[in-house]
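One letter stands for each residue in the lines below.
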Amino acid sequence: MPYLRRPVKKTGDFIMSFNIIKQLNADAQEGAASPEAEPAAVTNVPVEAAAEVAETPAVEAVVETPATEAVTTEPVVAAKPVVERIVTAHDDFDWSVDKRNVTSYNKAEKEKYDKVYDDTFKQINDGEMVQATVEAITKTDAVVNIGFKSDGLISLNEFRDIPGGIKVGDLVEVMVVEKEDREGNLHLSRKQARTSRAWEKIVDLHKTGEIVTGLVTSKTKGGLIVDVHGMETFLPGSQIDVKPVTDYDQFVGKTMEFKVVKINETIKNAVVSHKALIESDIEAQRAEIIGKLEKGQVLEGTIKNITDFGAFLDLGGLDGLLYITDISWGRINHPTEVLKMDQKLNVVVLDFDDDKKRISLGLKQLTPHPWDTLGEKIKEGEIVKGKVVNIEDYGAFLEIMPGVEGLVHVSEITWANTPVNAKEFFKLNDEYEAKIVTLDKDTRKMSLSIKQMSNDPWSEIDVKFPEGSKHTGVVKNITPYGVFVELATGIGGMVHISDLSWLKRFNNPNEYTKVGNNIDVIILNIDKDGRKLQLGHKQIEEDPWNSLEGTFPVGSVHEGTVIKKDDKGAVVQLPYGLEGFAPNRHLAKEDGKTIVADEVNKFMVIEFDRNDKRIVLSHTRLWEQAIEEVKQAEFKEKKADAEVTKKAVKNLQSKVEKSTLGDLGALADIKAKLDGAAAAAAATTPAVEAPAAPEAPAAEEPAAE
């Protein structure tokens, strides 16, 4: 087609030239018809000249013709009157025909060929999926044609999933990543196209719940990576199988069926599950099994999991729980003592719940209860041997045979009346011989006694441990109020805290002795009916308080050491192991300080109570009493001097009968002595100031005559 082969630029130039000539002729004819137009502007170009001009460049023709100059040089009239166009002979001329007799296309044909021409150009957008043809293959890339102005290159690594590889001429679906990258090349990707198509399929599979086949490609933390339709998905370890899986490597490279259970539209991530398919199959089997279940039915199961509280058994698609209490008639601490993984055993259905689909199983119920098969040897008064299987505060349980237990109460452990801690006396799995005290097969209860394995020692207590006798025992227990001492097996008593020492007071017996130590005691009292012994430790020695009253009388001073101090006062260690107490107000020293702990100082006994075994001491009383004694001595001395002076004055006054001028000197001396004695006496007592007497006016001297 000549129209399509003709260059666009040349065709445009021709059309432009033709339109310009046509417009010039029209302007010239219009100017000739107008009476107001000037002759120079009406120049017309013949048709033959126009045809000749068409053969030359259009611009040159416009410049050389006078009409062109007229059009370009004359000023444009702003407003002209509208003149009716005159019809001329040129109106019927077919301007579409030139002198070479070539006709242009009509409108319909032109639109047709324009459409054909536009279809040769392919419009693509970034992210669009298109079909591509493999044009050539290099060592590393494949050259593909998508009908664009240039071909694209795709790495051969993106075609590894095609069996046998690709060949020239193959059609593949690719994604337009960029029409032009930084270097102006077309960027295509088959991998992204496969991923996009795969994501669309995965979303549809998640909505419909259909089963999809995928290839496990690798192992990752917590699960596996599965290739589904060319897209990587995640298979968690908990979704591989209904049983716990520890070895993930065994699934790598396998093709398995999965179900899409979760997708993330934002990051385009999907989670698949193989367990969901197994559970759907198991669910059908489970419904069938539950429909046939009956209480008491015996089933065969395989142990699939063991926990602290029991074991889970696989009953062929349905799980059942075998509690630890239903494994054996005897006591077991953990199911692994009897069961092991993957063990097959018969169990009986104890109970099941259709709604919650729970099944309770029993193993011990397949054998008769041991209490129902007790022999004739198990009766009251018989001696049996058992193992400690449980220890409580009130006693211990001994297992005579699997499923048959008896209780040894704390009161049946020893003949002694001393409290016994069962958890300290017994240990698990220890064996003891005991005597059957009571036996009730109907309620399946048995009481045992260890102490009745020997005779009651209290029957001969008066002979072996009479009152006043001295013995050595072992400290078995210590309480805040006393010490429990065992003198022999089953024989013991208590030493009260007040009977530990004559001289010392203890806040707790732990300050004096410890559990396991030996201690000497004396029997103070025997309560045979109550099985109690009153013991004493201090009574082994005589009461030292009888002789201490003369050593520590009230007012005596002794040196002591402060061994303990509190808010009330201090405990002072005195000679002979005696202790006294000094209240806080009696700990003040002469310099204003207070006696502290571990300080050695002198103390005065201010109170001695033999009955209450109490001595009260004071350090403050020492220096206060010394100061008082000094004051008293000074006062007595001054008082004696005053008496002597007073007597001397009386003697002198009795001898003087009449005062003379010669006696005035002697009287003055006596007065001076009296004044001195009065001043000394006033120094010992506070002086009271007397109001000052007003001065007498001076006597006027007589005028000299």
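Look a little higher up for the structure.
Residues numbered from 1 in each chain as written. Predicted model: local features only at pLDDT ≥ 70, side-chain atom pairs only at ≥ 80, totals over all residues. Heavy atoms only, no water.

Undergrad: Account for helix α12 (residues 620–655), with residues named and values stated.
TA: Taking 1.5 Å per residue, 36 residues should reach 52 Å; α12 reaches 54 Å between its end C-alpha atoms and fits that length. Taken together, the buried positions of α12 are Thr620, Leu622 and Val649. (Helix = DSSP H or I, 4+ residues; strand = E, 2+ residues; numbered from the N terminus. Expected span 1.5 Å × (residues − 1). Buried < 20%, exposed > 50% of the residue type's maximum accessible area, 1.4 Å probe, protein only.)

Undergrad: Explain the sheet that holds strand β2 (residues 141–145) residue by residue, including any values.
TA: Spatially, five strands are ordered β1-β2-β3-β5-β4 in a closed barrel, and the strand pairing comes out mixed. Averaged over all adjacent pairs, the angle separating strand axes in this sheet is 50°, with direction ignored. Two strands pair when backbone bridges link them, and strand β1 (residues 129–137) and β2 are joined in this way by four bridges, in the antiparallel orientation. By the bridge assignment for β2, Ala136 is matched with Val143. Packing against the sheet, helix α7 (residues 190–208) makes contact with β1, β3 (152–155), β4 (171–178) and β5 (186–189), and its axis sits at approximately 100° to β4. (Pairing = 2+ DSSP bridges. Axes fitted to C-alpha atoms, helices over the stretch in contact; angles between N-to-C directions. Contact = heavy atoms within 4.5 Å.)

Undergrad: Could you give an account of unusual backbone geometry, naming the residues involved and the relevant values?
TA: Positive phi values are uncommon outside glycine, yet Lys268 reaches one of about 55°. Among the secondary structure elements, Lys268 is positioned in the loop between β9 (255–264) and β10 (269–273). Residue Lys268 is classed as partly exposed on the basis of its relative accessible area of 47%. In this structure, Asn429 takes a positive phi of about 75° despite not being glycine. For Asn429, the position within the fold is in the loop between α9 (422–425) and β19 (431–440).

Undergrad: Mind laying out the packing of aromatic side chains, listing which residues take part and the relevant values?
TA: One pass over the structure, following the stated rule, counts six aromatic pairs. Here Tyr394 and Phe397 contribute two aromatic rings whose centre-to-centre distance is 6.4 Å and whose plane-to-plane angle is 90°, an arrangement assigned as edge-to-face. Looking at Tyr394, the relative accessible area reads 40%, which means it is partly exposed. Classification of Phe397 by relative accessible area gives buried; the value is 17%. Seen from their ring centres, Phe426 and Tyr432 are 5.2 Å apart, and the 80° between their planes marks the pair as edge-to-face. (Phe/Tyr/Trp six-rings, centres within 6.5 Å; stacked < 30°, edge-to-face > 60°.)

Undergrad: Can you lay out the pairing of strand β13 (residues 319–323) for me, pointing to particular residues and giving the numbers?
TA: Bridge count for strand β12 (residues 310–314) against β13 is five bridges, and the pairing is antiparallel. Bridge pairing in β13 places Leu313 opposite Gly320. For β13 and strand β15 (residues 358–362), the ladder comprises two bridges, and the chain directions are parallel. Bridging from a neighbouring strand, Leu322 pairs with Leu361 of β15.

Undergrad: Break down the environment of Ile289 for me, with residues and values.
TA: In this structure, Ile289 sits in helix α8 (residues 275–292). Linking Ile289 and Leu318, residues 29 residues apart in sequence, is a C-alpha distance of 7.4 Å. Sequence-distant contacts of Ile289, that is, excluding residues within four places in its chain, are made with Leu315, Gly316 and Leu318.

Undergrad: Account for the environment of Thr645, naming residues and giving values.
TA: The residue Thr645 is located in helix α12 in this model. Sequence spacing of Thr645 and Ile670 is 25 residues, and the spatial spacing of their C-alpha atoms is 9.4 Å.

Undergrad: Can you tell me about the pairing of strand β30 (residues 614–618), naming the residues and giving the values?
TA: β30 sits mainly inside the fold: four of its five residues count as buried. Relative to β30, strand β29 (residues 600–609) is paired through five bridges, and the arrangement is antiparallel. The partner of Asp609 across the bridge, within β30, is Arg614.

Undergrad: Go over the nonpolar core, please, and point to the residues and values.
TA: Formed by 21 residues in total, the largest nonpolar core has its most connected members in Leu224, Val226, Leu235, Ile240 and Phe258. Breaking this core down by element, the ones donating at least two residues are α7, β6 (211–220), β7 (223–228), β8 (231–236), β9 and β10. The greatest single-element share of this core, amounting to five residues, is contributed by α7. With near-sequence residues (within four places) excluded, Leu224 lies in contact with Val216, Ser218, Lys219, Thr233, Phe234, Leu235, Ile240, Tyr248, Phe251 and Val252. (Core = buried A, V, L, I, M, F, W, Y, C linked by side-chain atoms within 4.5 Å.)

Undergrad: Report on the pattern of salt bridges, specifying residues and quantitative values.
TA: On inspection of all chains with the given rule, the structure shows 14 salt bridges. Arg197 is the salt-bridge partner of Glu200, the closest N and O atoms lying 3.4 Å from each other. Taken together, the residues span about one helical turn, with Glu200 and Arg197 both in helix α7 at a distance of three residues. Look at Glu200 and you get partly exposed, because its relative accessible area is 39%. By relative accessible area, which is 30% here, Arg197 ends up partly exposed. One connected set of salt bridges, linked through shared partners, spans Glu173, Arg197 and Glu200. (Salt bridge = Lys/Arg side-chain N within 4 Å of Asp/Glu carboxyl O.)

Undergrad: A description of α8 should follow, citing residues and the corresponding values.
TA: With 18 residues, α8 ought to run about 26 Å at 1.5 Å a step, and its terminal C-alpha atoms sit 25 Å apart, in line with that. Restricting attention to buried positions, one finds in α8 the residues Lys275, Leu277, Ile278, Ile282 and Ile290. Structurally, α8 contributes buried residues whose contacts are with β6, β9 and β10.

Undergrad: Describe the side chain of His274, and please don't skip the residues or the numbers.
TA: With respect to the element layout, His274 can be found in the loop between β10 and α8. Among the residues examined, His274 registers a relative accessible area of 19% and is labelled buried. A polar atom in the side chain of His274 sits 2.8 Å from the backbone oxygen of Glu257. (Polar contact = N/O pair within 3.5 Å; in protein donor to acceptor, adjacent residues only side chain to side chain.)

Undergrad: Tell me about the sheet that holds β19, residues and numbers included.
TA: Around the barrel, which closes on itself, the five strands sit in the order β16-β17-β18-β20-β19 with mixed pairing between neighbours. The sheet shows a mean angle of 50° between the axes of neighbouring strands, direction not considered. Across five bridges, the pairing between strand β16 (residues 383–392) and strand β17 (residues 395–401) is antiparallel. Note that in β17 the partner of Glu392 across the bridge is Gly395.

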